[in-house]
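Working through the structure, step by step
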Amino acid sequence: MPVGLPFYLGLAAVLFAIGAVGLLLRRDALVLVMAIELMWNAANLALVATARYYGDMGGQVFAFVVITAAAADVAVGLALAVLVGRARGTLDADQLKWLRG
Amino acid sequence: MIAFLLVGAAAVAAAIGVISARSPVHSVLWLIVHLCSLAVLYMTLQAEFLGLVQILLYAGAVMVLFLFVLGLISARTPGEAPGGQQPRGQIGFAVAAVIVIAGVLLVGAVGGALAPAASALSTGFGSAEAFGQALFGPYLLPFESTALALLTAIVATVALSSGHDEAVRRALPAEVPAGAPIDVSHAALAAEPELAGRSKP
């Protein structure tokens, strides 16, 4: 039985949901960034799978763009984390609440 | 099929490891496993170049960045892992939201069953050559815009980390010594009565 597109899309859905769970449940800012990475990568898997099954390179190119965007996201997010960690001595998202309106 | 099941199970297990590991270092290591298994999945989808990029750029460079920052931060707060360990209280809400997300996505995936079977591929699909032809041909503008995005990220990172600590510290309310547990609520509310009034709904 060949592996069809729904298998890959289902796997991507499961991975995205796991990333969302992590984003909602964890408090460490670094782990939150990692959960966001999980969600980026789930979207990437869906893109590559559809590119394969439609025979179009566009999906792979867009996955490449997504990887670049994720790298930029990580760079800025980690710089912010270092800055906040230095200024506050903690990365607990529940305690970093002075941005609240 | 067997490869898909094995690697897919590894990817799911590693993803669960990322969000359930107690130490952030273990989370990063699980994330590396996850990214490598995704690279294998890309290979099974004949995206060879993308699989290699995934390993080199993601599992290599980005994860090193993670570990570096982790060391930088934990070195400043010895004996205490940065951030909290226990999950927040809203587990029920989180599970409900995730069930909704997964349901919507799975409906989309089942809808994908109506998609055509794998179409015949041109030779060299997913190779570096085909990838380059697509990247510098019809998709030149998105490619150039990633350059702009990276430039923005570099400028932002340098601006953030170029020694404006004092400015940041002054901008934050309720000065506390670094490392002390933070309780902005009482200090800030006592200092600013109108803030206290505003915070009550």
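Residues numbered from 1 in each chain as written. Chains lettered and ligands numbered in written order. Predicted model: local features only at pLDDT ≥ 70, side-chain atom pairs only at ≥ 80, totals over all residues.

**Topic: the overall build of chain B**
Convention followed: Helix and strand definitions follow DSSP, with helices as H or I runs of at least four residues and strands as E runs of at least two, each counted in order from the N terminus. Two residues qualify as being in contact provided that their C-beta atoms, derived from the backbone, are within 7 Å of each other.
Counting secondary structure elements, chain B contains nine helices and zero strands. Beginning at the N terminus, the succession of helices and strands in chain B can be written as α-α-α-α-α-α-α-α-α. Taking as baseline every contact in chain B between residues at least 6 positions apart, the subset at least 24 positions apart corresponds to 45%.

**Things to note about the overall build of chain A**
What counts is decided by this rule: Once C-beta atoms are placed from the backbone, each residue is buried if 20 or more other C-beta atoms lie within 10 Å of its own, exposed if 12 or fewer, and partly exposed for counts between those two.
A tally of helices and strands in chain A yields three helices and zero strands. The linear arrangement of helices and strands in chain A, starting from the amino end, is α-α-α. Projected onto the principal axes, the alpha-carbon positions of chain A cover approximately 55 × 25 × 25 Å. Across the 101 residues of chain A, 60% fall into the buried class. For chain A, restricting intrachain contacts to residue pairs at least 6 apart in sequence, the fraction spanning at least 24 positions comes to 46%.

**Overview of helix H2 (residues 29-54) of chain A**
All names here are of chain A. How we decide: Each residue after the first adds 1.5 Å to the expected span of a helix.
The first and last C-alpha atoms of H2 sit 38 Å apart over 26 residues, in line with the 38 Å expected at 1.5 Å per residue. The buried fraction of H2 is high, at 22 of 26 residues. The positive-phi residue at the C-terminal boundary of H2 is Gly55, with phi of around 65°.

**Observations concerning the interface of chain A and chain B**
Convention followed: Gly counts as polar in this scheme, as do all residues outside two lists: the nonpolar Ala, Val, Leu, Ile, Met, Phe, Trp, Tyr, Cys and Pro, and the charged Asp, Glu, Lys and Arg.
Each partner contributes to the interface: chain A provides 70 residues, whereas chain B provides 81 residues. Broken down by element, the residue count for the side of chain A that touches chain B peaks at 24 residues, all from helix H3 (residues 58-88) of chain A. Of the residues in the side of chain A that touches chain B, the class split is 49 nonpolar, 11 polar and 10 charged.

**Some details on the nonpolar core**
Where we set the bar: By convention the nonpolar core is taken to be a set of buried residues drawn from Ala, Val, Leu, Ile, Met, Phe, Trp, Tyr and Cys and joined through C-beta atoms within 7 Å.
If you look at the biggest cluster of nonpolar residues, it comprises 71 residues, and the most contacted ones within it are Ala12, Leu15, Leu45 and Val48 of chain A. Elements supplying a minimum of two residues to this core: helix H1 (5-25), H2 and H3 of chain A together with helix H1 (2-20), helix H2 (24-44), helix H3 (48-76), helix H4 (91-111) and helix H5 (128-135) of chain B. Leaving out residues up to four positions away in the same chain, Ala12 of chain A has contacts with Ala42, Leu45 and Ala46 of chain A.

**Considering the packing of H3 of chain A against helix H6 (residues 140-160) of chain B**
Between two packed helices, both the angle of their axes relative to each other and the distance between the axes serve to describe the pair. Worth spelling out the cut-off: Only the stretch in contact is used when a helix axis is fitted, and all axes are lines through C-alpha atoms; the angle between N-to-C directions ranges over 0 to 180 degrees. The labels follow the angle: roughly parallel below 35 degrees, roughly antiparallel above 145, roughly perpendicular from 65 to 115, and oblique for the rest.
Contact geometry of H3 of chain A with H6 of chain B gives a least axis separation of 9 Å together with a crossing angle of 5°. As judged from the angle between their axes, H3 of chain A and H6 of chain B are roughly parallel. Of the residues in H6 of chain B, those in contact with Val61, Val65, Thr68, Ala69, Ala72, Ala75, Val76, Ala79, Leu80 and Leu83 of chain A of H3 of chain A are Pro142, Thr146, Ala149, Leu150, Ala153, Ala156, Thr157 and Leu160 of chain B. Of the residues in the contact of H3 of chain A with H6 of chain B, the class split is 15 nonpolar, three polar and no charged.

**A short note on the environment of Leu150 of chain B**
Position of Leu150 of chain B relative to the elements: it lies in helix H6. Other than its neighbours up to four places away in sequence, Leu150 of chain B contacts Thr68 and Ala72 of chain A.

**A few points about unusual backbone geometry**
Residues and elements named next belong to chain B. A positive phi angle, close to 60°, is found at Gln46, a residue other than glycine. Note on placement: Gln46 falls in the loop between H2 and H3. Overall, the presence of 20 C-beta atoms within 10 Å leaves Gln46 in the buried class.

**Digging into the confidence of the model for chain A**
Where the model shows low pLDDT, its predicted coordinates should not be examined in detail. The cut-off we apply is this: Across the chain, each position has a pLDDT score giving the predictor's confidence in that residue, from 0 to 100.
With 95% of its residues at a pLDDT of 70 or more, chain A shows a mean pLDDT of 86. The secondary-structure element of chain A with the lowest mean pLDDT is H3 of chain A, recorded at 87, while H2 of chain A shows the highest, at 91.

**Topic: the packing of H1 of chain A against H1 of chain B**
Orientation of H1 of chain A relative to H1 of chain B, taken along the N-to-C sense of each, is 10°, at an axis distance of 9 Å. For the element pair H1 of chain A / H1 of chain B, the angle class is roughly parallel. Within the contact between the two elements, H1 of chain A uses Phe7, Leu11, Val14, Leu15, Ile18, Val21, Gly22 and Leu25 of chain A and H1 of chain B uses Phe4, Gly8, Ala11, Val12, Ala15, Ile16, Val18 and Ile19 of chain B. Partitioned by chemical class, the residues of the contact of H1 of chain A with H1 of chain B number 14 nonpolar, two polar and no charged.

**Here we look at the confidence of the model for chain B**
Residues and elements named next belong to chain B. Model confidence for chain B is summarised by a mean pLDDT of 75, while 64% of its residues fall at 70 or above. Within the model, the stretch residues 78-85 combines pLDDT values under 50 with 24 contacts to residues more than four positions away or in other chains. Low pLDDT (under 50) marks residues 182-201, which in the prediction has 15 contacts with non-local residues, meaning those over four places away or in another chain. The complex model carries a pTM of 0.75, and its ipTM stands at 0.90.

**What about the environment of Leu5 of chain B?**
Mapped onto the elements, Leu5 of chain B comes out in helix H1. Through-space distance from the C-alpha of Leu5 of chain B to that of Gly132 of chain B is 31 Å; in sequence the pair is 127 residues apart.

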